[in-house]
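Per-entry structural report
Residues per chain are reported as follows:
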Amino acid sequence: MTDRKISLALVGIGTIARSQHIPLLAASADFDLAAAASRHAGVEGVANFPDLEALLAADGAIDAVSFCTPPQGRFALARAALEAGRHVMLEKPPGMSVAEVAALARLAEARGLTLFASWHSREAAGVEPAREWLADRKVRAVRIVWKEDVRIWHPGQQWIWQPGGLGVFDPGINALSILTRIVPGSLAVETATLLVPSNRQTPIAASLRLALDGAPIVTAEFDFRQTGPQSWDMEIETDAGLLALADGGARLAIAGEAVAVGDNREYAGLYRRFAALIRAGASDVDLAPLQLVADAFLLAERQATEAFDD
Ligand code: NAP
């Protein structure tokens, strides 16, 4: 495995598989995209199967499986891949619940396989420089504004509105994945207000207050109803000035000065990390962002809002 490319199968050929995974894998030095499983779609030039079961039964040469299906149902699929001896990478969020992903982590460890619960926003170009700069700063306040137009980014994706689909936390968890990576200290949700359309199961907007090391200094506003300019911004006030991440972490400014962080190559970073984990015989399963979302759902005040149709 050290020298040859890792033979990989992609499962769930939808928006993110097409826009990021397939083009990235086509140029990958680490992976050979050899197969795909999807009920209604396929990938040109590889072996295509209608489902994972058929793929696993047919192709014994696949080393790893990367899942781009919605979170609902991902647990059973990932478990089947691990039980068949394959390394597994999960799109974010890694599952529908904290416990099911923890169970996958235990299974991977017991089988000596890699499980990578990926958080693509953590690979945004400004995130690691922000983490390094914040490491020895005192954080005084954090303001997160993550507002996007669901009709543009998730047209017709019914799963997002169904139980386990997270609603506005589907993008919101990206902000929380950055926050939990860059801010030193312990985060906990203190209050949450969820706006849930009367015809849907998951929130279209959410307001959160979190405590950092016990101090209630973090606010997050998530909204799927944003039209016009989109906002994926995070401002962190510190004892040494303001750190601002914009465009989902792609741009960084410190004390008002833009910091050169290079190109934004989130999925290249993810697959580099997956290959390194496989070659090192290790796993990476950080459940902190999913735990915060679960806690927000646990303690939230829910308010009904007008029906949403797309
Ligand atoms: P999507 O466009 O709905 O694609 C998911 C694909 O999975 C579908 O096309 C479908 O293909 C397959 N699938 C299997 N079981 C399904 C089910 N029960 N319901 C619906 N589809 C099912 O979703 P996506 O936007 O690619 O998102 C997939 C995952 O990637 C999510 O966890 C999401 O949070 C994450 N992600 C999305 C984006 C983005 O911008 N869209 C960005 C980063 C991460 P078949 O019908 O052919 O089986």
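Quick notes on the rules
- Residues numbered from 1 in each chain as written.
- Predicted model: local features only at pLDDT ≥ 70, side-chain atom pairs only at ≥ 80, totals over all residues.
- Heavy atoms only, no water.
- pLDDT = per-residue confidence, 0-100.
- Helix = DSSP H or I, 4+ residues; strand = E, 2+ residues; numbered from the N terminus.
- Buried < 20%, exposed > 50% of the residue type's maximum accessible area, 1.4 Å probe, protein only.
- Pairing = 2+ DSSP bridges.
- Right-handed = clockwise from strand over helix to strand, strands pointing away.
- 1 Å grid on protein atoms, 1.4 Å probe; cavity = no way out; pocket = protein on both sides within 12 Å on 5 of 7 lines; lining within 4 Å.
- Points joined across faces, edges and corners; volume = space filled by probe spheres on them.
- Nonpolar A, V, L, I, M, F, W, Y, C, P; charged D, E, K, R; others polar.
- Domains from an automatic or database assignment.

**Re the confidence of the model for the protein**
Here the protein averages 97 in pLDDT, while 99% of its residues score no lower than 70. The secondary-structure element of the protein with the lowest mean pLDDT is helix 2 (residues 52-58), recorded at 96, while strand 6 (residues 115-117) shows the highest, at 99.

**Here we look at the pairing of strand 4 (residues 64-67)**
With burial as the criterion, each face of strand 4 is covered, one bearing A64 and S66 and the other bearing V65 and F67. With 4 bridges joining them, strand 1 (residues 6-11) and strand 4 adopt parallel strand pairing. Looking at strand 4, one finds that L10 is bridged to S66. Relative to strand 5 (residues 87-90), strand 4 runs parallel, the two being bridged by 4 bridges. Following the sheet pairing, V65 is matched in strand 5 by V88. Crossover connection from strand 4 via helix 3 (residues 74-83) to parallel strand 5: handedness right-handed.

**Section: the layout of surface pockets**
The computed volume of the largest pocket comes to approximately 1400 Å³. Lining the largest pocket are 47 residues, and of these T15, I16, E91, H154 and Q157 sit closest to its centre. Of all the secondary-structure elements, those providing two or more residues to the lining of the largest pocket are helix 1 (15-26), helix 3, helix 7 (169-182) and helix 8 (266-280). The residue makeup of the lining of the largest pocket, split by class, is 19 nonpolar, 17 polar and 11 charged. If you count residues domain by domain, the lining of the largest pocket takes at least three from each of domain 1 (6-120 + 266-284) and domain 2 (124-262 + 294-305). Contributing to the lining of the second largest pocket are 13 residues, with M96, G164, L166, V293 and F297 lying nearest its centre. Examining the composition of the lining of the second largest pocket, we find that 4 residues originate from one element, helix 9 (residues 288-299), more than from any other. Split into classes, the residues belonging to the lining of the second largest pocket amount to 8 nonpolar, 5 polar and no charged. Of the residues that make up the lining of the second largest pocket, three or more belong to each of domain 1 (6-120 + 266-284) and domain 2 (124-262 + 294-305).

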